[in-house]
Each structure stands twice: as structure tokens, then as C-alpha cells.
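Remarks on the overall topology
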Protein chains: 2
Amino acid sequence: MLLQVPRGTKDILPQEITTWQEFEVKSRQVFCLYNYFEIRTPIFENIALFKRSLGDSTDIVQKQMFVIKQGKDKFVLRPEGTASIARAYLENNLGFGTKLRKLFYIGPMFRAERPQKGRLRQFHHIGAEAIGLSSHNLDIELIEISDYLLQTLGISKYKFIINSLGCHNDKLKFGILLKKTLLKHKKNLCGECKLRLSRNVFRVLDCKNEECRKITNALKFDHSYLCDDCKTHFDKVLEGVNKFNIDYEVREQLVRGLDYYSGVVFEIIHPELGAQDALGAGGRYDHLFKELSNKEIGAAGFAFGMERLMLVSPMKSSPKQLSGYIITLGREATDRGLDMLREIRRAGISCDFNYSDSSLKSKLKEANKLGARFVILIGEDEINKKRVTIRYMEESKQEEIEFEGVVNFLKEAIN
Amino acid sequence: MLLQVPRGTKDILPQEITTWQEFEVKSRQVFCLYNYFEIRTPIFENIALFKRSLGDSTDIVQKQMFVIKQGKDKFVLRPEGTASIARAYLENNLGFGTKLRKLFYIGPMFRAERPQKGRLRQFHHIGAEAIGLSSHNLDIELIEISDYLLQTLGISKYKFIINSLGCHNDKLKFGILLKKTLLKHKKNLCGECKLRLSRNVFRVLDCKNEECRKITNALKFDHSYLCDDCKTHFDKVLEGVNKFNIDYEVREQLVRGLDYYSGVVFEIIHPELGAQDALGAGGRYDHLFKELSNKEIGAAGFAFGMERLMLVSPMKSSPKQLSGYIITLGREATDRGLDMLREIRRAGISCDFNYSDSSLKSKLKEANKLGARFVILIGEDEINKKRVTIRYMEESKQEEIEFEGVVNFLKEAIN
């Protein structure tokens, strides 16, 4: 156990890191085009924040929190990004002097779930939040960035599932309607859902039980719970999404597993993901700020699971090739080689050195394993001639070059 | 409390994020030149790993761990990077097929200390590890990268403090010698140090108590505990450091507050940091792998505190300027403007849109606050003429351009 990564977590190793780096760089570029700014909140927060924002009866708060007790304090490893960002927005007064704050984040999240395919206990989110306005055009912008981000990451075949829960009042109405309808099916619901009926009826729609899903999938309300404003808002969002040729479907069963959502919500699903088919999800959460601070602040956002994006993206990046690798034989050659190593690196060219005492053959093998493009050989002969032997590792040819010419040779060769 | 960041942690806000991003990008570039590969380990590990590697009697393990109890498991938020990377190296067999593995990491670390200037409970490390060999040239390389990294981040006036604890056997001898000497001063040591004498005598050298420091600062052993090999190794390292013109001082009191160190250790201090004057530190830890896996694997590394680097670096980066900002008046103009917005962004030009219902004056103020270079105005007049008005925000002039020419105009203007 001492030497094992904790269950449900993973090391991201050198052979896969370039893909992670590239996903992050590309995401930052996309967010920059849309004028979203990165924010980083701490890895843990006070437990009260998540209870209040995600909802006491959600699965996350009930069963999936990693809790740290520290003196009188109880902290929780953040299970998602939105609650922390709402907290940071309020605490740091980020709304000051601007009507709209657009933020994004990239980082680890934590849920103590049973690990399975596509579900880790430490996973990573790329997400965005637009805080300050309730305009339907922001809902559209968020759906459009999601779409563009997926395209940028080389992903296709995904589909948006969209719904509207309506404003806080509508959502209450929706809840009553849902409960009334589900009560007729009570005897066929699972034990937990029977409890959910009174505790938090929306959570029945998240239930994975097959019998429960059969019941909920058949529900139809035609959005009768939406007030006029919310109906118009929803229609306008769909109109915008239509205009941008985004593949979507309206599904009344989509409520998202967190209490803070109201208004338009969406999920992005991908056929290759299997049972856990959501690549990401988002929506409007105008009521969250009321809950946290009693202020009326419109807001919407989304988040993608990075591990899931990687499962369906064809983008696999390789590390940048190592340009030079110096092999020396003998004390004097080593001294000269180490100076040259420093010179090459400080000229902005990647270079490594064979630090081990081993045979030339094994040193060349190491250079090959590292994928070096050029090996720079310095032995006794080379020291006498003040020249190095440069071996082209791909072309298996070699040539001699003066000590002083090595940096320039590499500069030209790699450009 | 609900709306406060946990004590000793910080939000990294949009106005400071660019500096963080730049530090990370530059560090990655430096590591790439030296052929170090990024690795990311989980945020938490099994508690046993840290007890075994950092040492049961270190302050970190005794007092500063954030513990998560999860069923029968006890996890700890990682207080530093080396132990996790050693675990990852062994678990993933990263030594396979190569004599030397060079790794780096950037990420948050956690210690439940009393927060004070330069000490946070969540802080961030940039660090490197070279695993597989015991060559003194690797000690030199690590000191040299540290030096180059600091220069790259614009930092000057720092100084290296270097010492050698010798191999595992030497370190035992050093401990006995230290204990013998300190016993003579026992009555003047603080209460905790009296206990440390028998528990782990090296920790007396970390004590912040003034009386204890006075005693330990006066100690002199002339490295008499070093065996011949370790003496030679140390001399060679100092020779290399001399050659590279790195400012340093040998200090026999430097042992580093973690048990895994042996051989050459170093710390980088900066005069502007005050009482917590270390920017970073590192050293050799050949014995760690023996402790964890009973294998003989040479290794050395270092880590810098990112927050401390930022305190002394003159590098303050501003966000990239927003290129365009679209303001529309009226329904038709808004529809046209939203299409244009998408077009501009997909052409790789950053652009935002005024989503709020407010006066033209207040919309222009928002554009100004966002630092937009060009405002693209579309009103009724513009719709009729099929032209937009482009306002140069810095030069306070404006001109009219056809709808179709906007993307090209921006492309040229920002290049």
C-alpha cells in the first residue's frame, strides 16, 4: 500500500503529459479568444460552502466528500468548480466596476465515488463561468464555446442535450408537478427514490436504477411549468443554438445533479463513452448567489471532464524531440562536454548528457531511447583535434565539427 | 465563514494569473532544455508514504499534515513533491530501460502551519528530480538549473548555501557527533530540542528558537564525518559550482528538515524574503529508495516555492489585450453583431460582446474597462449602410468599414 497511488487516483506520466499540456494550452487559447480569464481557487473549501450551494441532499454532499478535520474546522476537497468560484467572486468583489465577469478554470476535483471506467476519485475539469448577467445570449455563448472547445480538441460525434428548469419559482412548480406524477409510480421506484420523493424530488431523475429510469424517461410535461419569461428565454437559446448548427436534442428529464441550477441546463454526451456518457455539462445558476449572499446575480457556466475528453479525442501529442545528447569518454572530454552542454542549453537548444559510467554502446542506446536527434561524441581523439564527432541518429551518418561550431550547427540543423 | 477562503489559502485572481501562467511556461521551457519531463502525481497519498519517507519525527509529519479519513484509509494532502514522485517512479517502473529519469513538477502542496508572511497552508512548488544515478555531475546540473531558472524568472541577489551530509553511514556518524556536542549545551536548549536530542538530533538544527540557533550556529565539524568518497564527491560539486560562477557559501548547519536527504544538500536564500529566507532547496536522497523499496537508486532534486519566487521577481505580466469589443443597438444589430462575434473569434482574434441592456455610454465604459483595442459599433444606421463604425480606443478616432471587412481589418490592425 505504501507504494500504491490511492485508489481511484492516477499518476500522469511523462509519456502522456504532452497531451495534457496541449489540452490545457489549447483550452486557454480558446478562452482567451472569448475573453474569459483564468482563476484558481484553493483545492479545499469550508464544508458549509458545498452544503449550501450544491445542496444537502445531493449525492455529492451526502456520500462523496473527502473531508479534512483540522481543529474546529471542516474542509472538503472541492468536488466541482462553480461553488468555489462563486465564493471567490463574492469574497474578492470581482463584480466591481464591470457588469459581466467571465472566468475559466482548469484543475483537479475530488469525489469519493466507487472508481469505475470514466470515474476517478481525483479527476480534472476544464470549466467556465459567466457571472453578472441573465442574458440568453450568454447561455448561447457558453454552448458555443463548449462546441468550439470540443472541435479544437479534435472531438466530433458529440451531441448537446438541452432543457430548461425555469427560474426559481418555475423550478418549485416543476418539483411539485414531478412529485405529483411520480407518486403514482411510487411502488415501482427503488428504496432510495421513495425517500427522494420527499427529500429532493429532482434527484429521482439522476437515479441509475433501471426501473426508475424507465419511469422517468417516460415523463412528459411539455415545459408547462415555465413562466412566460423563461419560455421566451428558452426559445431564444434554442434559436441561437439552431443558428450555429450545433447538434442537440431537448430532453425534459435533464435536471443536473446539483441544486444550484435553474433556467437553461445542458449536457454534452458522446456515444463512445458508454454508461458514463457525459463529456461535460453546464447551465444557468442565477439562484446560487441569492443562496450564498442574498444578492441577485445572473450566472451560467459549464465544465468538461478532461479524462473523458481524452478518451474520445484523437489528439495524442508526443514530447518535443531532444535535439542533442553529449557522450564523452575520459576526464578531459567530460569537462569539455559539460561546458558545451551548458552552452547549448543556454542557446535555447535542448540537450542532455550521459552521466553514467558505461560502455559507448550502452550510452548510444540511452541516446536512442531518449530520441535524441544528434549525438555529440567527445573522446581522446576529439580532444586532440579540438573537434567533436556529430552522429545523425536518424540518418546514421556522422561528421566532424570544431568545438566552437557545435551550437551553430545544432541551431541550423533543428530549424 | 461560508464566504471565506480557508485560512492560509488564497484565490489566484485574474489580475495576477498571467504572472503565474508565465512562470509556468518559462519553467517548462527551461526544464525542456535540460530534458526533464513533467509528471503529475495525485493531490493526496497514503499517510504511510510520508511517514516513511519524510521521517516520523519531522515537523511536517508530526504537526503539519492535512489528514483525510476515508473508511479504513488515511490519506494526506501532499506536503511536498519528492516522496510522491519516488512512489510514482517505483510503482510505474519509470526506471525501465533507462539509467536516468529526469522529472519535474509544478503544483500545489499543503502544510497545516500557522499562516504568516511567506508561509501559506496551500502553496505551490516548482521542482525537479533526477533519479537513477549518484554522479556528482547531476548534483551540479541540479544546482545549475536552479540558477538558470532563477535568472529566467528575472531573479537576482540570491545565494546558494551548500553542505554535505555524506552517505547514509556518514550521516549516522554526523548524528552521533552532533549529539555528543549538543549534549554539552543541553541545559541551554529549548524543551523541544532536549527531546530532539534523542528522537532525531538533526531536527535541532531546524529549531527557530534564538538560544538554540546561537548554539548550533557556532558548531564546527570541518566535515570530519565524511568518508573519502563523499569528501571527493562534495569537492567535485563545489568545483563545478565554482566554474559556473554561482554565488554560494558552505554552511555545516544546513541539513534540511526532511529525513530522506543524504549527500550534498543546498538551499537558495534571498535577502528580501525576511525571516523565511529560502526561495528553494534541494539535495541528494540516495537512501530514500532503499527505505521505500530496498533498492539502491541514486537520486537528487530540488524545489522552489512559487509564491516566494514571485515575491522577489520583478516579472509582472499583464493579460493579453482584448482585440475587439462589439456594441450593438437594436434587435437586428444584435443578431448581426453576434454572427460577427463568432466570425472574429473563429479567425483567432479575441473579441467580446456587450450582453447587457444599458446606455451606449455605459457600454463604452465597459469596453474601456476591459481594455479593448477596437470597439465595433452597430446601430440602426450601420445596419442600413451595411457598415460598422470602428472606434480606436487608444487613439480616440473612428472609421467606417463594410461588414465583410471587419475580420480582415482586425487581423491587420493587431499584427
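Scoring rules and cut-offs
Residues numbered from 1 in each chain as written. Chains lettered and ligands numbered in written order. Predicted model: local features only at pLDDT ≥ 70, side-chain atom pairs only at ≥ 80, totals over all residues. Heavy atoms only, no water. pLDDT = per-residue confidence, 0-100. Helix = DSSP H or I, 4+ residues; strand = E, 2+ residues; numbered from the N terminus. Expected span 1.5 Å × (residues − 1). Buried < 20%, exposed > 50% of the residue type's maximum accessible area, 1.4 Å probe, protein only. Arc of directions from axis to C-beta. Contact = heavy atoms within 4.5 Å. Buried area = accessible area lost by both parts, 1.4 Å probe. Salt bridge = Lys/Arg side-chain N within 4 Å of Asp/Glu carboxyl O. Least-squares fit on C-alpha atoms with pLDDT ≥ 70 in both. Pairing = 2+ DSSP bridges.

**With respect to the confidence of the model for chain A**
Averaged over every residue, the pLDDT of chain A is 94; the share at 70 or more is 100%. Here the prediction assigns the complex a pTM of 0.95, and the interface score ipTM is 0.95.

**Structural notes on helix 9 (residues 228–243) of chain B**
Residue and element names in this part refer to chain B. The first and last C-alpha atoms of helix 9 sit 22 Å apart over 16 residues, in line with the 22 Å expected at 1.5 Å per residue. Along helix 9, the residues that are buried comprise Cys230, His233, Phe234, Val237, Leu238, Gly240 and Val241. The buried residues of helix 9 occupy an angular sector of 160° when projected down its axis, which confines them to one face. If you follow the buried residues of helix 9, they end up packed against helix 5 (136–152), strand 7 (159–164), helix 6 (168–183), strand 8 (248–250), strand 9 (264–269) and strand 10 (278–284). In the segment just after helix 9, Asn245 is the residue with positive phi, at about 55°.

**Focus: the interface of chain A and chain B**
Facing 99 residues of chain A, the contacting portion of chain B comprises 99 residues. When chain A packs against chain B, close to 8,700 Å² is buried across both sides, 56% of that on carbon and sulfur atoms. Where chain A meets chain B, there are 18 salt bridges. A salt bridge links Arg345 of chain B to Glu141 of chain A; its shortest N-O distance comes to 3.0 Å. In terms of residue count, the dominant contributor to the side of chain A that touches chain B is helix 12 (residues 331–346) of chain A (nine residues).

**Structural notes on helix 15 (residues 406–414) of chain B**
Turn by turn, an α-helix covers 3.6 residues, leaving residues three or four places apart pointing in a common direction. When we look at burial in helix 15 of chain B, the residues that qualify are Val406, Val407, Phe409 and Leu410 of chain B. Buried residues of helix 15 of chain B fall within an arc of 160° about the axis and therefore sit on the same side.

**Some remarks on the relation of the copies chain A and chain B**
Superposing chain A onto chain B takes a rotation of 180° plus a shift of 0.0 Å along the axis, which leaves an RMSD of 0.0 Å. Classification of the inter-copy transformation places it as that of a two-fold axis. Every residue of chain A has its C-alpha some distance from the rotation axis, and the shortest such distance is that of Ile68 of chain A, at 2.5 Å. Interface overlap between copies is the fraction of interface residues in one copy that are interface residues in the other; for chain A against chain B it reaches 100%, indicating a shared surface.

**Comments concerning the pairing of strand 5 (residues 101–110) of chain A**
Residues and elements named next belong to chain A. The element strand 5 is largely enclosed, with a buried count of 10 among its 10 residues. As paired elements, strand 1 (residues 37–38) and strand 5 share two bridges and run parallel to each other. Among the inter-strand pairings, Phe37 is bridged to a residue of strand 5, identified as Leu103. In this structure, strand 5 lies alongside strand 6 (residues 122–131), joined through 10 bridges in antiparallel fashion. Directly across from Leu103, in strand 6, lies its bridge partner Glu129.

**A look at the sheet that holds strand 8 (residues 248–250) of chain A**
Pairing is mixed in the open sheet, where eight strands are placed in the order 1-5-6-11-10-9-7-8 (chain A). For this open sheet the edge positions go to strand 1 and strand 8 of chain A, each flanked by a neighbour on one side alone.

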